[in-house]
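# Descriptive analysis of the structure
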Amino acid sequence: MSTHPPHHHCSIAALATGLAAVVLLCAPVKQAAAAPQESVLARIRANNELRVCIWPDYYGVTFRNPRNGQLVGIDIDLSAELAKDLGVTLTHVESSFPSVIDDVTAGRCDIAMFAVGVTQQRRERLAFSAPYLQSDIYAITTRSSRVIKRWEDIDRTGVVVAVQAGTFMEPVMRERLSRATLQVIRPPATREAELEAGRVDVFMTDYPYSRKLLDNADWMRLVAPPTPFHVLPYAYAVRPGDAPWLARVDDFVAAIRRDGRLQTAARRHGLSDIVVR
């Protein structure tokens, strides 16, 4: 079997010192540097379109009203403001917490605007703007529950605690629970249905989603932690390595905090309590 040395770019110099000698001066061929990717900001301007990833089941943030199909929420309002500031049209792209990393990095949208929690896992794959909201973790149980009366009842032997797959509550509760059983809920199942059916005793959520439940179901009860449990900043997510686009998004966040648009949108959707001051 013949073997071949790796390909090299070589120059040959002949030296005469009584005896003819040939010296091969060889250097490996360098790979051509990858062309830098065009900034998303340039593409947005060229196409006159801003594509924003949303999760249409996020009450108060990016929620599709089942009665009329209309999208409402703080980030529906603020994505419209960003498009207006850029002078381009707005397109919403459906995403979710399990798929947001792939959706953004693969370029299916230019930015994720649905109160994305800034977790270490997501930081490794996405770039985040300055935060604009923050939320702790809250528990939801039934009003009639004999198992969960207060926060301290959650991590007890025999208690089944549900979390939505892909949310930041999943890794946090996996780490923090020592006695209770964790159940990860994946669509089409929902945390609310599992709780109502009695298959779980309690589920963990954040402030915006808890508003949906308490506004729409009088059989559920909120259990708040007595002290901060795991407060997480929420921000907008973009593809990493694109400094011009991230800088423009940060400018937008600074502007809406300064000029009152953030507070106005938060007030409209019941989220004033979690605005980053």
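Structure: see above.
Since the model is a prediction, treat every value here as computed from it, not as a measurement.

This next bit is on helix 1 (residues 40–47). All of the buried residues in helix 1 are V40, L41, R43 and I44. Each buried residue of helix 1 lies within a common arc of 160° when the element is viewed along its axis, so the set occupies one face. Projecting away from the buried face of helix 1 at angles above 90 degrees are the exposed residues R45 and A46. Residues of helix 1 that are buried in the fold lie against strand 3 (49–54), helix 2 (74–86) and helix 8 (243–259). The distance from a side-chain oxygen at the start of helix 1 to the backbone nitrogen of L41 is 3.2 Å, and the residue carrying that oxygen is S39. Downstream of helix 1 by one or two residues, N48 has phi in the positive range, about 55°.

A few words now on the sheet that holds strand 6 (residues 71–72). Taken in spatial order, the 3 strands of this open sheet run 4-5-6, and their pairing is antiparallel. Two strands lie at the open edges of the sheet, namely strand 4 (57–58) and strand 6, each paired on one side alone. As paired elements, strand 5 (residues 62–64) and strand 6 share 2 bridges and run antiparallel to each other. By the bridge assignment, F63 is partnered in strand 6 with V72.

The buried count for strand 8 (residues 111–117) comes to 7 of 7 residues, which makes it a mostly enclosed element. Relative to strand 16 (residues 232–238), strand 8 is paired through 3 bridges, and the arrangement is antiparallel. Note on strand 16: the bridge partner recorded for G117 is Y234.

For R64, the location among the structural elements is in strand 5. Residue classification places R64 among the partly exposed residues on the basis of a relative accessible area of 31%. The spatial distance from the C-alpha of R64 to the C-alpha of I76 is 10.0 Å, given a sequence separation of 12 residues. Residues in contact with R64, not counting those within four places in the same chain, are P56, G69, Q70, L71 and E94. One polar contact links R64 to E94, side chain to side chain, over a distance of 2.6 Å.

Counted under the stated rule, the structure contains 10 aromatic pairs. For the ring pair Y138 and Y207, a centre distance of 6.1 Å and an interplane angle of 65° mean the geometry is edge-to-face. Here Y207 lies in helix 7 (residues 207–216) and Y138 lies in strand 11 (residues 137–142), a separation of 69 residues in the sequence. Each member of the pair, Y138 as well as Y207, is classed as buried. Put simply, the rings of W55, Y58, F97, F114 and Y209 pair up and form one aromatic cluster. Taking NZ or CZ as reference, R191 lies 4.3 Å from the ring centre of Y209, over its face.

Rules used in this analysis
Residues numbered from 1 in each chain as written. Predicted model: local features only at pLDDT ≥ 70, side-chain atom pairs only at ≥ 80, totals over all residues. Heavy atoms only, no water. Buried < 20%, exposed > 50% of the residue type's maximum accessible area, 1.4 Å probe, protein only. Helix = DSSP H or I, 4+ residues; strand = E, 2+ residues; numbered from the N terminus. Arc of directions from axis to C-beta. Contact = heavy atoms within 4.5 Å. Polar contact = N/O pair within 3.5 Å; in protein donor to acceptor, adjacent residues only side chain to side chain. Pairing = 2+ DSSP bridges. Phe/Tyr/Trp six-rings, centres within 6.5 Å; stacked < 30°, edge-to-face > 60°. Lys NZ or Arg CZ within 6 Å of the ring centre and 35° of its normal.

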